[in-house]
Amino acid sequence: PWVLLLYIRPLALHNRGQPAAGRRGLLLGVAGARLFRAPPLDAARRVPPIRVLRRDAEPLPPSRRASLLTAAALIGGVTTLAAVQAESVWIGLAFTGGLLLVVGLLASAARGLMRLAARGRSRAALALRHGLANLTRPGAATIGAVVALGVGVLTVVAMADIEGHLDGELRRELPRDAPTAFLVDIQPDQWSDVRARLDASGAIGVDSVPVVMARLRAIDGTPVEQLQEARETGLRGRPAQDGEGAEARWALTREQRLTYLEQLADDNEIVRGALWSDPARAEVSVEEEYAENLGIDLGSVLLFNVQGVPVELHVTSIRSVDWRTFGINFFIVVEPGVLDDAPQHRVAAASIGDDAARDLQNALALHHPNVTVIRVREVLERAASILDRLGLGVRVLGGLTVIAGLVILAGAVGAGALRRGAEVALYKTMGATRPQVIGMFAVEYGLIGLVAGVIGAAGGAVLAWAVVVYGMQIDWALEPTRYALTLVISPALAALAGLAASGQSLRRRPIAVLRGEG
């Protein structure tokens, strides 16, 4: 099973400290910040000097050519940064396309909200009527605030959904009768004593199979070296890209672990051919995905080197394996009688309590130090802990994106402090109370947060669904509570941020504002 990857397929280990990754992240962050300064710098370039002295002087009209060049540079820069980080041009293009789609949807939703506010505010209540009207006022920055908040909400929701599904797959979907411990590298003469110790520790569901180490030398008479070279070159004569065909190359070159069984376990199912159906030839059964990686099918002939002895095996069955049962399973199973006398060791699985597993591990370390005990739940808990840390990091980044959106909203409110102060003074002069004015502003900012929350939550759900179903091949389950909380928290945060930025305007006395204007 995949939990035994450390035993079946060695993994590359990384040091705790990775300065190169830190430097790369810093460079990408600085490059992104410099890239996104282009639009505001272009806007600043069009401000005439007289605008500093006269408020009624308008900026120069934008140049269509300059705007297009700025947009092209921004899109190209984002694509380049994403491609560098993902080490794939296609992923960079897909990321930029998805980002443009999300931004377009958020901007369209903001414009729709503004049109709705312009049409439907006449019959609404006082706070709602004026709150809707404020969305279309000059300098409201409705579109920018919705886009920034929506992207942050999308990031947080998508990562929370992905982490929740992955955590559930690790923690909740482990079968109740699955083994809790695996013992590997048991020598044949040690098995009787190891089995006795397992029984004495109260282990149940004990299972054990032999393991024979081998190297694949040829498939249908073609040496593995030639097959590997052909796959490296590719079907079209081009060099293979990084990571392309990695599973196929690994399947050809890995140290093969073979076993022999009279009958298959219940979590194995023959999908093509028949098990041990040809008494005239040495037979082998291959797991279907592994057979695809090797490029073999029924009738293929595999030549193995077993400790210097060539062994030819004929593929007579292809089978599927339910790896999620955590039973002992192999890619390649040989019929009994072919490898019985080959050098071998055993691997065992059992269900055993944590305390008993620790005692058994200590006893085996003393009497059979070569036997390694792998406790499955401990491995799963460590994997889940790593995923929790990764999820926390991504959620923090998503939260920072949300905060950035709130800062943009607050900045837009602060930039129009004089105009907003005049509005507050006018409202109060006409008889509106401070709670009523606060209600108007809360409606305005809350609607911005609501639109951003709806689009961001929907986009996050779609993104998480695609990653979970197609990327991780995990069953999808909708969690309405998460989305309901998003639709409550997003408007609340937006309203709080907007009101906090409007605090100075709300505190100003109407007479002071009117005298200043006069």
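Bear in mind that the values here come from a model prediction, so they are computed numbers and not experimental data.

What counts and what doesn't
- Sequence order as written defines residue numbering, which begins from 1 separately in each chain.
- Whole-chain, interface and lining totals are the exception, using all residues; otherwise, since this is a predicted model, local features are given only for residues with pLDDT of at least 70 and side-chain atom pairs are given and counted only at 80 or more.
- The basis for every side-chain value is the complete set of non-hydrogen atoms in the structure, without hydrogens or water.
- Starting at the N terminus, helices and strands are each numbered in turn, a helix being any DSSP run of H or I of at least four residues and a strand any DSSP run of E of at least two.
- Here, Shrake-Rupley sampling with a 1.4 Å probe gives the accessible areas, and only protein chains in the shown set may cover a residue.
- Salt bridge criterion: a side-chain nitrogen from Lys or Arg within 4 Å of a carboxyl oxygen from Asp or Glu.
- Here's how the labels work: a residue is buried when its accessible area is under 20% of the maximum for its type, exposed when over 50%, partly exposed in between, all with a 1.4 Å probe on protein chains only.
- The length a helix should cover is 1.5 Å for every residue beyond the first.
- For the purposes of these results, a polar contact is taken to be a pair of N or O atoms within 3.5 Å, where, inside protein, one atom must be able to donate a hydrogen and its partner to accept one; residues adjacent in sequence count only when each atom of the pair is a side-chain atom.
- Here, residues are in contact when the closest pair of their heavy atoms is within 4.5 Å.
- Two strands pair if DSSP finds at least two bridges between them.
- Each patch groups residues whose relative accessible area exceeds 30% and which form no salt bridge, using 9 Å between like charges and 5 Å between nonpolar side chains of Val, Leu, Ile, Met, Phe, Trp and Tyr.
- The arc in question is the one traced by the directions running from the helix axis out to the C-beta atoms.
- In this description, a line fitted to the C-alpha atoms serves as the axis of each element, helices being fitted only across the stretch in contact, and the angle between N-to-C directions of two axes falls anywhere from 0 to 180 degrees.
- For classification purposes, angles smaller than 35 degrees are called roughly parallel, those larger than 145 roughly antiparallel, those between 65 and 115 roughly perpendicular, and all remaining angles oblique.
- Two helices crossing with the near one rotated counterclockwise from the far one by less than a right angle form a left-handed crossing, whereas a clockwise rotation gives a right-handed crossing.
- Under the grouping applied here, Gly and all other residues not named as nonpolar or charged are polar, the nonpolar ones being Ala, Val, Leu, Ile, Met, Phe, Trp, Tyr, Cys and Pro and the charged ones Asp, Glu, Lys and Arg.
- Among buried residues, those of type Ala, Val, Leu, Ile, Met, Phe, Trp, Tyr and Cys that are joined through side-chain atoms within 4.5 Å constitute a nonpolar core.
- Within 6.5 Å between ring centres, the rings of Phe, Tyr and Trp (the latter by its six-membered ring) count as paired, and their orientation is classed by plane angle as stacked under 30 degrees, edge-to-face over 60, tilted in between.
- Scored from 0 to 100, pLDDT records how confident the predictor is in each individual residue.

A.B. asks: Help me get a handle on the overall build of the protein chain, residues and values and all.
C.D. replies: Each helix and strand in the protein chain was counted, giving 18 helices and 11 strands. With the model as given, the accessible surface of the protein chain reaches about 28900 Å², and the carbon-plus-sulfur share is 60%.

A.B. asks: Provide a residue-level description of the pattern of salt bridges, including the pertinent values.
C.D. replies: Applying the stated criterion across every chain yields a total of 7 salt bridges. A salt bridge links Asp 161 to Arg 482; the nearest nitrogen and oxygen atoms lie 2.5 Å apart. Of this pair, Asp 161 sits in helix α7 (residues 142-171) while Arg 482 sits in helix α16 (residues 480-501), placing them 321 residues apart in sequence. Looking at Asp 161, the relative accessible area reads 0%, which means it is buried. Note that Asp 297 and Arg 272 form a salt bridge whose closest N and O atoms lie 3.2 Å from each other. Taken together, the residues span a long stretch of sequence, with Asp 297 in the loop between α11 (288-294) and β7 (301-306) and Arg 272 in strand β5 (residues 268-273) at a distance of 25 residues. By relative accessible area, which is 34% here, Asp 297 ends up partly exposed. You can call Arg 272 partly exposed: its relative accessible area is 35%. Each of Asp 161, Glu 479 and Arg 482 takes part in a single network of salt bridges with overlapping partners.

A.B. asks: Account for α16, naming residues and giving values.
C.D. replies: Look at α16: 32 Å from first C-alpha to last across 22 residues, which is about the 32 Å you get at 1.5 Å a residue. Among the residues of α16, those classed as buried are Tyr 483, Thr 486, Ser 490, Pro 491, Ala 494, Ala 495, Ala 497, Gly 498 and Leu 499.

A.B. asks: Pulling in residues and values, what's your account of the side chain of Ser 285?
C.D. replies: Looking at the element boundaries, Ser 285 is found in strand β6 (residues 283-287). Polar contacts involving the side chain of Ser 285 include one to the side chain of Ser 317, which spans 2.9 Å. Discounting chain neighbours no more than four positions away, the residues touching Ser 285 are Ile 270, Leu 275, Trp 276, Ser 317, Arg 319, Phe 331, Ile 332 and Val 333.

A.B. asks: If you had to explain unusual backbone geometry to someone new, which residues and values would you point to?
C.D. replies: Positive phi is not limited to glycine here, since Asp 185 has a value of about 65°. Examined against the element boundaries, Asp 185 turns out to sit in strand β1 (residues 181-186). Classification of Asp 185 as partly exposed rests on a relative accessible area of 28%. At Asp 220, a position not held by glycine, the phi torsion is positive, near 55°.

A.B. asks: Summarise the pairing of strand β8 (residues 309-321); cite the residues concerned and give the values.
C.D. replies: With 10 of 13 residues buried, β8 is to be regarded as a mostly interior element. Summarising the sheet, β5 and β8 pair through 5 bridges and their orientation is antiparallel. Of the residues in β8, the one forming a bridge with Asn 268 is Val 321. Across 5 bridges, β6 lies against β8 in parallel orientation. Among the inter-strand pairings, Val 284 is bridged to a residue of β8, identified as Val 315.

A.B. asks: So, a nonpolar patch on the surface: which residues are in play, and what are the values?
C.D. replies: Taken together, the side chains of Leu 392, Val 396, Leu 400, Ile 403 and Val 407 present a nonpolar region at the surface, about 450 Å² in accessible area. Locating Ile 403 in the fold gives a position in helix α13 (residues 376-415). Owing to a relative accessible area of 46%, Ile 403 belongs among the partly exposed residues under this scheme.

A.B. asks: Give me the lowdown on helix α12 (residues 354-367), citing residues and values where you can.
C.D. replies: Between its first and last C-alpha atoms α12 spans 20 Å; for 14 residues at 1.5 Å apiece the expected length is 20 Å, and the two agree. Burial in α12 covers these residues: Ala 356, Ala 357, Leu 360 and Leu 364. The arc that holds the buried residues of α12, viewed along the axis, is 100°, so those residues lie on one side. Summarising the geometry of α12, the exposed residues directed more than 90 degrees from the buried face are Asp 355, Asp 359, Asn 362 and Leu 366.

A.B. asks: So what's going on with the packing of helix α15 (residues 434-471) against α16? Residues and values would help.
C.D. replies: α16 packs onto α15 with a crossing angle of 140° between their chain directions and a minimal axis gap of 7 Å. Judged on the interaxial angle alone, α16 and α15 are oblique. Judged by the twist between their axes, the crossing of α15 over α16 is right-handed. Taken together, the residues of α16 that come into contact with α15 (itself represented by Ile 438, Phe 441, Ala 442, Tyr 445, Gly 446, Gly 449, Leu 450, Ala 452, Gly 453, Val 454, Ala 457 and Ala 461) are Tyr 483, Thr 486, Leu 487, Ser 490, Pro 491, Ala 494, Ala 495, Gly 498 and Leu 499. For the contact of α15 with α16, the residue count by class is 15 nonpolar, 6 polar and no charged.

A.B. asks: A description of the nonpolar core should follow, citing residues and the corresponding values.
C.D. replies: With 27 residues, the main nonpolar core has Val 286, Leu 302, Phe 304 and Leu 339 as its most contacted residues. For this core, the elements supplying multiple residues, two or more each, are β2 (204-219), α10 (246-253), β4 (255-260), β6, α11, β7, β8 and β9 (332-334). Once residues within four sequence positions are removed from consideration, Val 286 is found in contact with Ala 291, Ile 296, Leu 302, Val 315, Ser 317, Ile 318, Arg 319 and Phe 331.

A.B. asks: Pulling in residues and values, what's your account of the environment of Gly 152?
C.D. replies: Relative to the assigned elements, Gly 152 resides in helix α7. Since its relative accessible area comes to 0%, Gly 152 is described here as buried.

A.B. asks: Which residues make up the packing of aromatic side chains, and what are the values?
C.D. replies: What the rule picks out here adds up to 3 aromatic pairs. An angle of 65° between the planes, with centres 5.4 Å apart, marks the rings of Trp 323 and Phe 331 as edge-to-face. Plain terms: the ring middles of Trp 465 and Tyr 470 are 5.4 Å apart, the flat faces sit at 90° to each other, and that makes the pair edge-to-face. On the basis of relative accessibility, which here comes to 59%, the residue Tyr 470 falls in the exposed class. Here the aromatic cluster, defined as three or more aromatic residues joined through ring pairs, consists of Tyr 290, Trp 323 and Phe 331.

A.B. asks: Describe the confidence of the model for the protein chain, and please don't skip the residues or the numbers.
C.D. replies: In the predicted model, the protein chain carries a mean pLDDT of 77, and 69% of its residues have values of at least 70. The spread of mean pLDDT over the elements of the protein chain runs between helix α1 (residues 5-8), the lowest at 37, and β9, the highest at 95. This model gives residues 1-14 a pLDDT under 50, and the stretch forms 27 contacts once residues within four places in sequence are excluded. Low pLDDT (under 50) marks residues 235-244, which in the prediction has 10 contacts with non-local residues, meaning those over four places away or in another chain.

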